[in-house]
Amino acid sequence: QSALTQPASVSGSPGQSITISCTGTSSDVGGHNYVSWYQQHPGKAPKLMIYDVSNRPSGVSDRFSGSKSGNTASLTISGLQAEDEADYYCYSYSSISTRLFGTGTKVTVL
Amino acid sequence: EVQLVESGGGLVQPGGSLRLSCVVSEFTFSSYWMHWVRQAPGKGLVWVSRINTDGSSIAYADSVKGRFTMSRDNAKNTLYLQMNSLTAEDTAVYYCARSASGGIYLDYWGQGTLVTVSS
């Protein structure tokens, strides 16, 4: 497997909640709790938003939350704001490929 | 403030070589695993390679295995990526990133350096 599967785009209105999925296999997402999520604005470096499935680094808004069920991890953004418009990537340890990123999801705030 | 600063990118012809550097500061470099991640123009993030704290264990993505060599100099707080036999598919912004202590996730990233492979 070369990449974890994410939806290409997700959109929502300000104040709404959206969820981004990240689907892998039992060799990566489903095999452990080493899934993290990154936010990337255009022309900028990625920023860590969630680590180890559901933990938030200091300074990241509590509007961001993570979860996992089986081979699929999810990132939920609640109370969507204009500044959340960005690309989001999941990332996982893989027993086969060492490390894998997701295909990326563009979040649009309508 | 933790900083990672990449350099060494530029324009190189197909089949050529380039060496990227990543100088870090404000943390104990020798205590952290490090990674290279790349992003082709308009495309997603792709993990390239990782190195453990003393350089004794290195892993690569299949796409670069045998062509790229990752290394580190803990005395100079510097991470390297030697890239050989470059092709157009290697054109990308290359980021260095730190693995959080004891973790798999990447908690700090550099600003990236652009590598363009073209004749």
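Please read these numbers as outputs of a predicted model, since none were measured by experiment.

(A) The arrangement of the state of the cysteines in detail. Considering all chains together, one arrives at 2 disulfides over all chains under this definition. Across a sulfur-sulfur distance of 2.0 Å, C22 of chain A and C90 of chain A are joined as a disulfide pair. With the S-S bond torsion at 75°, the cross-link from C22 of chain A to C90 of chain A turns out right-handed. Taken together, the residues span a long stretch of sequence, with C22 of chain A in strand β2 (residues 18-23) and C90 of chain A in strand β7 (residues 86-94) at a distance of 68 residues. Assessed through its relative accessible area of 0%, C22 of chain A is described here as buried. Judged by relative accessible area, C90 of chain A falls into the buried class, the value being 0%. In this model, C22 of chain B is linked to C96 of chain B through a disulfide, with the two sulfur atoms separated by 2.0 Å. Taking the sign of the torsion about the S-S bond as the criterion, the disulfide between C22 of chain B and C96 of chain B, at about 60°, is right-handed. Residue C22 of chain B is found in strand β3 (residues 18-25), and its partner C96 of chain B is found in strand β9 (residues 92-99); the two are separated by 74 residues along the sequence.

(B) The arrangement of the sheet that holds strand β8 (residues 78-83) of chain B in detail. Residue and element names in this part refer to chain B. Reading across from one edge, β1-β3-β8-β7 is the order of the 4 strands in this open sheet, with antiparallel pairing throughout. Among the strands making up the open sheet, the edge pair consists of β1 (3-7) and β7 (68-73). When strand polarity is set aside, the average angle formed by the axes of neighbouring strands in this sheet is 15°. In the sheet, β3 pairs with β8 via 6 bridges, with the strands oriented antiparallel. Pairing of L18 across the sheet is with M83, part of β8.

(C) A look at the packing of aromatic side chains. Inspection of every chain in the model, using the stated rule, returns 10 aromatic pairs over all chains. Judged by centre distance (6.3 Å) and plane angle (65°), the ring pair of Y38 of chain A and F101 of chain A falls under edge-to-face. With Y38 of chain A in strand β3 (residues 35-40) and F101 of chain A in strand β8 (residues 98-101), this pair connects stretches of sequence that are 63 residues apart. The lysine or arginine in question, R72 of chain B, covers the ring of F29 of chain B, its NZ or CZ lying 4.2 Å from the ring centre. The ring of F27 of chain B is capped by R98 of chain B, whose NZ or CZ atom sits 4.8 Å from the centre of that ring.

(D) The arrangement of the interface of chain B and chain A in detail. Each side of the interface is counted separately: chain B has 19 residues, and chain A has 18 residues. For the pairing of chain B and chain A, the buried interface totals around 1500 Å² over both sides, and the portion due to carbon and sulfur atoms is 68%. Its largest share of buried area at the contact with chain A, chain B owes to L45, I104 and Y105 of chain B, together 44% of the area lost on that side. The tally of links from chain B across to chain A stands at 0 salt bridges.

(E) Region of interest: the nonpolar core. By size, the foremost hydrophobic cluster in this structure holds 27 residues, and its most contacted members are W36, L79, L81, M83 and Y94 of chain B. Mapped onto this core, the elements with two or more residues apiece are β3, β4 (34-39), β5 (45-51), β7, β8, β9 and β11 (113-117) of chain B. Broken down by element, the residue count for this core peaks at 4 residues, all from β3 of chain B. Grouped together as the second largest cluster of nonpolar side chains are 23 residues, V10, I50, A73 and I77 of chain A included.

What counts, and at which threshold
- Residues numbered from 1 in each chain as written.
- Chains lettered and ligands numbered in written order.
- Predicted model: local features only at pLDDT ≥ 70, side-chain atom pairs only at ≥ 80, totals over all residues.
- Heavy atoms only, no water.
- Disulfide = S-S within 2.5 Å.
- Helix = DSSP H or I, 4+ residues; strand = E, 2+ residues; numbered from the N terminus.
- Buried < 20%, exposed > 50% of the residue type's maximum accessible area, 1.4 Å probe, protein only.
- Pairing = 2+ DSSP bridges.
- Axes fitted to C-alpha atoms, helices over the stretch in contact; angles between N-to-C directions.
- Phe/Tyr/Trp six-rings, centres within 6.5 Å; stacked < 30°, edge-to-face > 60°.
- Lys NZ or Arg CZ within 6 Å of the ring centre and 35° of its normal.
- Contact = heavy atoms within 4.5 Å.
- Buried area = accessible area lost by both parts, 1.4 Å probe.
- Salt bridge = Lys/Arg side-chain N within 4 Å of Asp/Glu carboxyl O.
- Core = buried A, V, L, I, M, F, W, Y, C linked by side-chain atoms within 4.5 Å.

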